Structures are given as C-alpha cells and as structure tokens.
Amino acid sequence: MTSSERDTSENEILQNNLNPEQIFPFALDEFQLKAIDSLNQGHSVVVSAPTGSGKTLIGEYAIYRAISHGSKVFYTTPLKALSNQKLRDFRNQFGSSNVGLLTGDLSLNREASILVMTTEIFRNMLYAAADRNDDPLLDIETVVLDECHYMNDAHRGTVWEESIIHCPKSVQFVALSATVANAGQLTDWIEQVHGPTDLISSDLRPVPLEFNFCSAKGLHPLLNDKGTGLHPNCKIWRPTKSHKKRGRLSKPTQPESPSLGFVISKLAERNMLPAIYFIFSRRGCDKAVKTIASTCLVNQEERKSIQDRFEKYVILNSEGLRDDLHIQALFNGVASHHAGVLPAWKELIEELFQEGLIKVVFATETLAAGINMPARTTIISTLSKRSDNGHRQLMGSEFLQMAGRAGRRGLDSRGYVVTLQTRFEGVREAGQLATSPADPLISQFTPSYGMVLNLLQRYELDKSKELIERSFSRYLASLDLVEEEEELSRLKEEFKEYKTFAEDIPWSDFERYEKIKSHLKEERRLLKILQKQSADTLSNELISALEFANNGTLISLKTSQLRGKVTPAVIIQKIQKRDRHTQLLCLTDENIWILIACKEVVSLYADLTCLDVSHLTTPEISRLGEIHHGDLLSNEIASMISNLAQKNDMRTAQYDLASEVLSQAKLVKSLDDELLIQPAHRWGDKKKLKRHRRKMDELGIEIHEREEMLYDRSNRHWETFLSLIKVLNHFGCLDDLNPTEIGRSI
C-alpha cells in the first residue's frame, strides 16, 4: 500500500469508526475504558498509572476522536527526542500527511491534524496568541500533555503550569502522568482553572516487577516474597573485623562493586536481556559501550539483521555515523542513547532495540521519560545523582520511572529491575527505594523576568495577578493553609466574644488606672530603698547613743514580734551580755514586756524627760524577742507612754523623717490618692479585668501575626512578580507597566 493509500484508509477510519474495540485490536484495561468514557462526556482527564501500563492509548483515542469531529490535536512532550519518536509512531499509525512536528529547531507540516511539539513550544504559542489577539487553538479539540509529572522538574516544571493556566477552556486536556502521590490534587486544580476534569488512576502493572541486587558475589533477589522488605539472604555490607583492629588512622575499606562485564554476563546467563542500563552521564554511557564493545550478545542471524539495517542507514545518513568502536558495539548488540547522540543514529538505536536486536542500551535517565523502548530488564547503576546542590539520593518517583521500563507487555511474564552495589550504596538504600511510594507533585511555579514581560505585554496588572494566583503552587498553599485559616477564624471568634463582654468598659480609663498603679508600685519600691538606706545610716548612730541612755528613756522600736510596726516604748533595763552586746528590756505602750537588741530601736527621744521605772518588777526574760504581758502597775507606765506618743509622733521611725524619705513618701501618698479617685477603682474584680484585657491584647497580636503569615504564603508569587517589575523598570525593560523596546526584545 502506498503512503497516499494508507493516508486515505486511515482518514476513513478516523472519520467513521470510534468504537474502541474496532480501533484497538485488543481488550482495553478498565482505567483506559473509564478515561475514554470521560473524554466522550467532554471532560478533561488526568491519567495516573505506572510506566508501561498503556496510558498513551488514551492519548491516541483522543486523537481519533478529535479528528473524527474535524478538529485537531496538539500532542506535547517534555523532550525533543520523545517528540521525534512520537512523530515516527504517529506517522505509521495515522498517516504521514496527518502528523506534523514543532520543536525549537524544526517545523514539519505544522498545519497537520496532529501536531507534536515540546511543552515549551505550546506555552510560547499561548503567549504569542494573546499578543496577536488570534487563536492558534481555534480548531484544537484536545491537547495531550504527555509525561505531565514533569511538573516536578525544578527548572522546567513551571512550563506545564503556565500551559494549563493560559489554555482556552474550550480545549480538552489529556494529562498523562506516571504514578504520583497527589494526582487528585492535580485533577482538582485543573478543574478549578480550566474546567471539568476527571481523575483516572490505576496501580496495576500489566507486567509485574522483580527487584534484584547485584554485588561482586553475584545476582540475588532484593526483596522478600511479600515485597515489603529486604530478602533474608540479602546482607548489608559491613567492614570486616580485621579493619577495625587496624586502628582509627587506617583507610576505611569499601564494598567491592561488580564490574560491567560481570553484570551483563549474569543477565545473559539468566536470559534477562534485552536491558536498559541507566548511567547518569553521557560520557559514562559512551565509556560503558567501549568497555564491552567486543562482547557479542547476539546470534549470527541477529547480527546479520543489524548489519543490513546499518547499511540502509549509511545510504541515507552517510554523515551521521559514530566511530568504529560504536559501530562494532552495535553489531554485537550494544549501544548508547542520550542527548549527545545524533537524532538519526538515536532513531536507529530505538528501532533496533524495539525489535529485540540490540540487547543492552546504556542510557541517561531521559530515556525513562516516555520514549518507547520497553526492555525485559532495567539496571540502575547508582542510587544517587548530581544536582544543583551536590549529590543526592534518587527520589522514589525517579527510581520507579526508570524501574517501570522493565517488562514488555505481551512478551515477558515479569520485568526485572537490578540495582548495583557501589562504594557508597548497597542493599539498604536499594530496598528503601524499591519499597518507597511515589512522590507527590510539587509546584515549581516561579515568576521570571520573561513571564513578567510576557504578561504585561498582553494583560493589565489586575489580569496578570489573577493568572499568577491560579498557579498550582497557590492551590497547594491554599490546601496547606486550611487548618491555619480555621485556627484564625477561631481566634477571631474568641476575640469577638472577649470584645462583646467588655464593650461597655471605657478601656482608656482602665489603661490610665493601670498606668498609675504601675507608677505607684515603682515609687513604693523606691521608697523602701530610701528607707533602708536611711535606716542603715541611722542604725549605727542610735546604737552609739543607746550606750549613754538611762533607764526610763523613751524610744520607738520595730520588731517582727510586734508585727513589724513602729511601737513607742521605754527602756526599763540595759543588760550587758558577755559578748559585749547590750540588750534592752523594754515596756511598750500596749503594756508588753519585750527583750530586744539595740539595732531594733528606730528612734531615741533624748529631749523627752525620762520616766521613773524603778518601782516596776521586771519579769524573767532571757531570750531576745521574748514577750510577757504586764500587770496593773506596769499598765500605768504604758498609759504614760501612749500619751507621750500621741503628743510627740513616736509612731514614725526616725529614718522616715529624712528629707529624701519624706519627699518620696509624699509622692507615694499623692499617687495613692490619685488612684483612689480613678473611675476604674470602683469597678469589680480589677485583676479579672486585667487578665481579660491582657488576653484581648494577646489575641490581637496573634491574629495580626497569623494574617501576615497567611498573606505572605498566599501571595509570595505575586510579591515576587512585583519585585521583578521594579528590577525591569530599573534596567529600562519596563516603563512603569509597559514593556519598552528592550523588554519586547527579550
């Protein structure tokens, strides 16, 4: 059949036959049928399923369906290599005239019904459409976003978000993703910003995986029968005891890694070829080819087939040859596949591998991004990779993406995944990754200078803000902040209750009352300091004067036994102790006998006439502070003391009469009087009111802080956008909000 006849036949099928059973000559899986049903209802779909499970079929059905309606389809991929392969596949499937290609450096049949392109091209097309006020998606029914989990890519993930945000809502999305932990969130977000979207998910692998571990001792099962942990025979490498005995300065031993030839020979022995051998560098892939270039992995018939295909390739691509070593390796069933390989040579490798003629392909991880090269086995050479921040362990989704290339549907009963012992990684790390769940999609959306210029060139500032706030990042933030917003609402409700309770209280009066009270407290503290200083100064003077005081001398004393108050008294007897300290037996105005030390005297009234106390009978008192109540005879003297105390102010300590103490006491008295006349003084439980006000203040502060935090987390992208506007204005790329000639050229 000629190409023209095939195109005519395909077009008839596309227009007349949409029954999946007639389009696809095999039974479809349940998740595929559900996705097709959603598409027929006019909904977009997010399809999350394991690598190799048949997600692409849903995109193919969308193509059949759109073309039967006389519409077109954009099929986007993350890589030019994948776009090129899709171009070949779709040409074979739908006819050459129906398929076109748009990449950064190539444009083929761009008016075709099926246009394959990289996602960046699609995003740029949407920006250009807004700029020209035309609609390149006018006849587009469906956009297929293949390998949509690339949203996780730190450098390019934002492209998928921008594409979804800016795409007209009339277009159906078919987002094909490997298994991710939060496919439901991705679906909800697309439904919010684009329109009705259904999640179609499947955990079923059509070909189950068996995980193995290869060390220098051989190839062994990695996981137990349940697949939940390490196999009992899989031992974690540890340094030998002899190394520990050598001392701390000896060079630590490291586990022996299996050689490349050893690994390949083990796979060949167990009939585990063809295999994809993942190495995370182009140079490493080419070096591996050279290492085993002379090892023949094919039989004579397969070698002849490879040579025939190679001769045809040379005729068409005489300048697209690799060196002799790679050609020799190719004839032996070995090749490398990475971005540094010429597209034509890469296409040859892909076709030979799909036909089972190449037995081992050394490839970088980009091959795991959806390129149709299923293998019986995948070998992952190391469990860590270089990143912008140094080496890091592979993420669970990265590991599963590469592992998922193992197992050819309809050819293999199981796929084999082999991890290797390296100097730094062993069975523990391999087991963790093999049993780890898929990672969630994390938004990589970040405003850039180009985004700012693109949006301001096409939209007003308010519209730009609306588009920025529709990002997946903002959606995820809103989910994370649900609990925070609920807590903020609770705090506001509590604050409202406190405010309602105290709405009749003039808080300005209460604040003045608290201010005076605080001032009074401080001044009282200062008064005590001045009193103590004055008392310390006066104490030595009084002790000296008491040596010359006679019995009957009037004094004032202050002692804890008399509740610490200043008490008028008279000296009845001076008692000299052996340690030369003098003790005073005194009688107070309340007819109480007490034995005190001289330091407890706070005033001495030498100018008052001494009382005659010689006729009094003293009680038996021997301990300092000991108290006895007087009799009728002593009561007469007590009455005399009381009368003299009233006339001569004997209830004020002499140190309180110091000028600085008197001045401070006057200030304390005035503040005390001012406090008494405040309206708040007549209110109820002021401690309760103070606690109430303090709680209101604390709630107000917490509410303000939480509101600021919520604003920052919800609007961080918009704040970044505004900051970039300032930078672009500074460098002349913007004139206020209008792109300049320089800005339009960026």
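Look up: the structure comes first, before these words.
Here the structure is a predicted model, which is why all the values come from computation and not from measurement. (Residues numbered from 1 in each chain as written. Predicted model: local features only at pLDDT ≥ 70, side-chain atom pairs only at ≥ 80, totals over all residues. Heavy atoms only, no water.)

**Q** How do you make sense of the pairing of strand 3 (residues 99–103) when you look at a structure like this?
**A** Here is the key point about a regular strand: its side chains alternate between the two faces of the sheet. Of all five residues that make up strand 3, five are buried, and the element is covered over most of its length. Of the two faces of strand 3, the one holding V99, L101 and T103 and the one holding G100 and L102 are both buried throughout. Two strands pair when backbone bridges link them, and strand 3 and strand 5 (residues 114–118) are joined in this way by four bridges, in the parallel orientation. Paired with L101 across the bridge in strand 5 is V116. Bridge analysis of strand 3 against strand 4 (residues 106–108) gives three bridges, and the strand direction is antiparallel. Looking at the pairing, L102 lines up with S107 of strand 4. (Buried < 20%, exposed > 50% of the residue type's maximum accessible area, 1.4 Å probe, protein only. Helix = DSSP H or I, 4+ residues; strand = E, 2+ residues; numbered from the N terminus. Pairing = 2+ DSSP bridges.)

**Q** Honestly, the sheet that holds strand 7 (residues 172–177) in this entry has me stumped. Any pointers?
**A** Sheet strands pair via backbone hydrogen bonds, and the direction of the pair is either parallel or antiparallel. The eight strands are arranged 4-3-5-2-6-7-1-8 in an open sheet whose pairing can be described as mixed. Edge positions in the sheet fall to strand 4 and strand 8 (197–201), since each of these pairs with one other strand and no more. On average, adjacent strands in this sheet sit at an angle of 15° to one another, irrespective of strand direction. Bridge count for strand 6 (residues 140–145) against strand 7 is four bridges, and the pairing is parallel. Within strand 7, the position partnered with V143 by the bridge is F173. In this fold helix 3 (residues 30–40) packs onto strand 1 (44–48), strand 7 and strand 8, with an angle of close to 170° to the strand it touches most, strand 8. Helix-sheet contacts for helix 4 (residues 56–68) involve strand 1, strand 2 (72–77), strand 5, strand 6 and strand 7, and the interaxial angle to strand 2 is about 155°. (Axes fitted to C-alpha atoms, helices over the stretch in contact; angles between N-to-C directions. Contact = heavy atoms within 4.5 Å.)

**Q** Just to check I follow, could you spell out the packing of helix 3 against helix 4 for this structure?
**A** Put simply, helix 3 and helix 4 touch, their axes get as near as 10 Å, and they point 30° apart. Comparing the axis directions of helix 3 and helix 4 gives the class roughly parallel. Both helix 3 and helix 4 take part in a crossing whose hand is right-handed. On the side of helix 3, the interface is formed by F31, Q32, A35, I36, L39 and N40, while helix 4 contributes L57, I58, Y61, A62 and R65. Its residues assigned to classes, the contact of helix 3 with helix 4 comprises eight nonpolar, two polar and one charged. (Parallel < 35°, antiparallel > 145°, perpendicular 65-115°, else oblique. Left-handed = near helix turned anticlockwise from the far one by under 90°. Nonpolar A, V, L, I, M, F, W, Y, C, P; charged D, E, K, R; others polar.)

**Q** Any chance you could explain the pattern of salt bridges here in plain terms?
**A** It is possible for side chains of opposite charge to pair when their charged atoms get near one another. Under the defined criterion, the tally for this structure stands at 30 salt bridges. K304 serves as the salt-bridge partner of D308, at 2.9 Å between the closest nitrogen and oxygen. Taken together, the residues D308 and K304, both in helix 12 (residues 300–316) and four residues apart, mark about one turn of the helix. The exposure class of K304 is partly exposed, given its relative accessible area of 45%. In this structure, D412 and R376 form a salt bridge, with 2.9 Å as the shortest nitrogen-oxygen distance. One end of the pair, D412, is in the loop between helix 15 (396–403) and strand 17 (415–420); the other, R376, is in the loop between strand 13 (360–363) and strand 14 (377–380), and 36 residues separate them in sequence. A cluster of three or more residues bridged by salt bridges with shared partners is formed by E365, K385, R392 and E398. (Salt bridge = Lys/Arg side-chain N within 4 Å of Asp/Glu carboxyl O.)

**Q** How should I be thinking about the packing of aromatic side chains in this particular structure?
**A** Two aromatic rings are characterised by how far apart their centres lie and by the angle between their planes. The final tally for this structure, using the stated rule, is 15 aromatic pairs. Both rings, one in F310 and one in W345, keep their centres 6.3 Å apart while their planes meet at 85°; by these two values the pair is edge-to-face. You can see F310 sitting in helix 12 and its partner W345 sitting in helix 14 (residues 343–354), a full 35 residues away along the chain. One exposure class covers both F310 and W345, and it is buried. An aromatic cluster of three or more residues is present, and its members are F24, F26, Y64, Y75, F90 and F94. (Phe/Tyr/Trp six-rings, centres within 6.5 Å; stacked < 30°, edge-to-face > 60°.)

**Q** What's the story with the side chain of T364 in this structure? I'm lost.
**A** Locating T364 in the fold gives a position in the loop between strand 13 and strand 14. With sequence-adjacent residues up to four places away left out, T364 is seen in contact with F278, I279, S281, R282, C285, H337 and H338.

**Q** Explain unusual backbone geometry to me, please; I cannot follow it from the model alone.
**A** What is expected of a backbone is that most residues other than glycine have negative phi and most peptide bonds are trans. Across the junction of L273 and P274, the peptide omega takes the value 5°, indicating a cis bond. Among the secondary structure elements, P274 is positioned in the loop between helix 10 (260–269) and strand 11 (275–278). The backbone of D736 shows a phi angle near 60°, a positive value even though the residue is not glycine. With respect to the helices and strands, the residue D736 is situated in the loop between strand 24 (734–735) and strand 25 (738–739). Judged by its relative accessible area of 53%, D736 falls in the exposed class.

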